[in-house]
Amino acid sequence: MEHPTLYVTRLLPQPVLDAIPRQYRMLTEPTDLPSTEETLRRGFAAAQAVICTLTDRIDASVLSHATKLKIIANYAVGYNNIDLPAAAQRGIIVTNTPDVLTDATADLTWALLLALPRRVLEGDAWARTGRWPGWTPTQMLGADVSGKTLGIIGMGRIGQAVAQRAVGFRMPVIYAGRHSISSPPGVSWTRRPLDDVLAESDFVSLHVPLTEATRHLIDRRRLALMKPTAFLINTSRGPVIDEAALMSALETKTIAGAGLDVYEHEPVVPVRFVSLPNVILLPHLGSATLETRVRMGLICLDNIAAVLEGRPALNQVN
Ligand code: DGY
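Here the structure is a predicted model, which means the values were calculated and not measured.

K.L.:
What am I meant to see in the packing of aromatic side chains here?
P.N.:
In this description, an aromatic ring pair is defined by two values, namely the gap between the centres and the angle between the planes. This model, assessed by the stated rule, comprises 3 aromatic pairs. With a centroid separation of 6.3 Å and an interplanar angle of 85°, the aromatic rings of Tyr 7 and Phe 44 are classed as edge-to-face. With Tyr 7 in strand E1 (residues 5-8) and Phe 44 in helix H2 (residues 37-46), this residue pair connects regions lying 37 residues apart in the sequence. Assigned by exposure class, Tyr 7 and Phe 44 land together as buried. Plain terms: the ring middles of Phe 203 and Phe 231 are 5.5 Å apart, the flat faces sit at 15° to each other, and that makes the pair stacked. Of this pair, Phe 203 sits in strand E9 (residues 203-206) while Phe 231 sits in strand E10 (residues 231-234); the two residues are 28 residues apart in sequence, bridging distant segments of the chain. Exposure class is identical for Phe 203 and Phe 231. Each is buried.

The structure is reproduced here in structure tokens:
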């Protein structure tokens with residue numbers, strides 16, 4: 001293989017950079033700054049392989065410069081940032097990083113699911129003030145988790161991993177999804193229409209990919225179906241929720257609270273959310289563990305090696 005050029009759009013964890021084969025020519029030293037359209041264009045014009053991230057918008061205009069490019073390895077399981085038909089038209093393979101971030105994202109979903117009804121962040125903030133007067137029977141009462149109904153919207157890998165974790169909490173699980181998914185031994189879940197899942201769940205967790213069909217899937221009408229005591233968790237993609245409708249639902253207490261890891265217009269976190277005590281806001285941390293982010297990078301490199309060596313990609317999505 002002659003020395004192919006690799007363009008990495010963003011700084012990746014060091015073990016991933018260390019694993020880049022020596023025979024690849026790195027186009028630039030990756031930095032932690034977001035790419036501009038201009039830098040993306042230059043990178044895509046020069047490289048045979050690209051590792052990009054979910055914050056890079058790879059549209060038809062960027063792809064029009066990619067005359068030598070064979071593979072885009074997206075450093076994420078979601079690939080809504082890439083114009084797949086435009087890539088396919090140019091014969092460019094696009095890959096993602098499934099499986100390796102399932103547990104990390106499911107774990108973070110549960111962190112929100114537990115912290116929200118038990119008011120963990122509010123409690124921590126109060127304890128740090130030095131003004132906590134001591135235990136009282138009526139202080140900071142939250143809501144039970146164990147035994148409540150968990151509703152999963154989107155029963156792919158991450159949705160299933162979240163559902164499996166509910167066993168220890170004795171939570172009945174209902175889900176809405178395109179396909180019927182059989183549950184593993186010792187776990188039970190029931191498929192229901194989306195509106196029923198929203199109406200019957202105490203916790204609703206979103207795990208659909210962002211597509212034209214799922215954009216604003218959770219809109220004003222669907223939020224109104226939820227119980228006033230229910231919590232909504234989103235670790236999928238921000239635009240799956242109509243954020244303006246969610247802000248109103250939270251302000252008017254149509255629902256009890258929300259745990260958000262993703263936003264409609266990242267990195268903008270709307271100020272109306274910031275002032276609400278019944279919301280937990282995280283900065284898109286779903287896959288953010290060192291182990292996971294290293295595994296994601298290694299998958300990108302495996303896919304690149306396969307394509308550059310003329311083998312099928314391991315995780316092609318287009
Ligand atoms: C993904 O891989 O799509 C995640 O959102 C990254 O954290």
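Read on for the rest.
K.L.:
Teacher, can you tell me more about the pairing of E10 here?
P.N.:
Successive residues of a regular strand alternate their side chains across the two faces of the sheet. Across the two faces of E10 the burial is the same, with Phe 231 and Ile 233 and Leu 232 and Asn 234 all buried. Here E9 runs beside E10; their pairing, made up of 4 bridges, is parallel. Directly across from Leu 206, in E10, lies its bridge partner Asn 234. Regarding topology, helix H9 (residues 220-225) serves as the crossover connection from E9 to the parallel E10, and that connection is right-handed. Remark: the E10/helix H10 (residues 243-251)/strand E11 (residues 257-260) crossover connection has right-handed handedness.

K.L.:
It is not clear to me how the state of the cysteines should be interpreted in this structure. Could you clarify?
P.N.:
Linking two cysteines covalently through their sulfur atoms gives a disulfide. Summed over all chains, the structure comprises 0 disulfides. Looking at the unpaired Cys 52, the closest cysteine sulfur is the one in Cys 300, lying at 8.2 Å. The class for Cys 300 is buried, based on a relative accessible area of 1%.

Cut-offs and rules
- Residues numbered from 1 in each chain as written.
- Predicted model: local features only at pLDDT ≥ 70, side-chain atom pairs only at ≥ 80, totals over all residues.
- Heavy atoms only, no water.
- Phe/Tyr/Trp six-rings, centres within 6.5 Å; stacked < 30°, edge-to-face > 60°.
- Helix = DSSP H or I, 4+ residues; strand = E, 2+ residues; numbered from the N terminus.
- Buried < 20%, exposed > 50% of the residue type's maximum accessible area, 1.4 Å probe, protein only.
- Pairing = 2+ DSSP bridges.
- Right-handed = clockwise from strand over helix to strand, strands pointing away.
- Disulfide = S-S within 2.5 Å.

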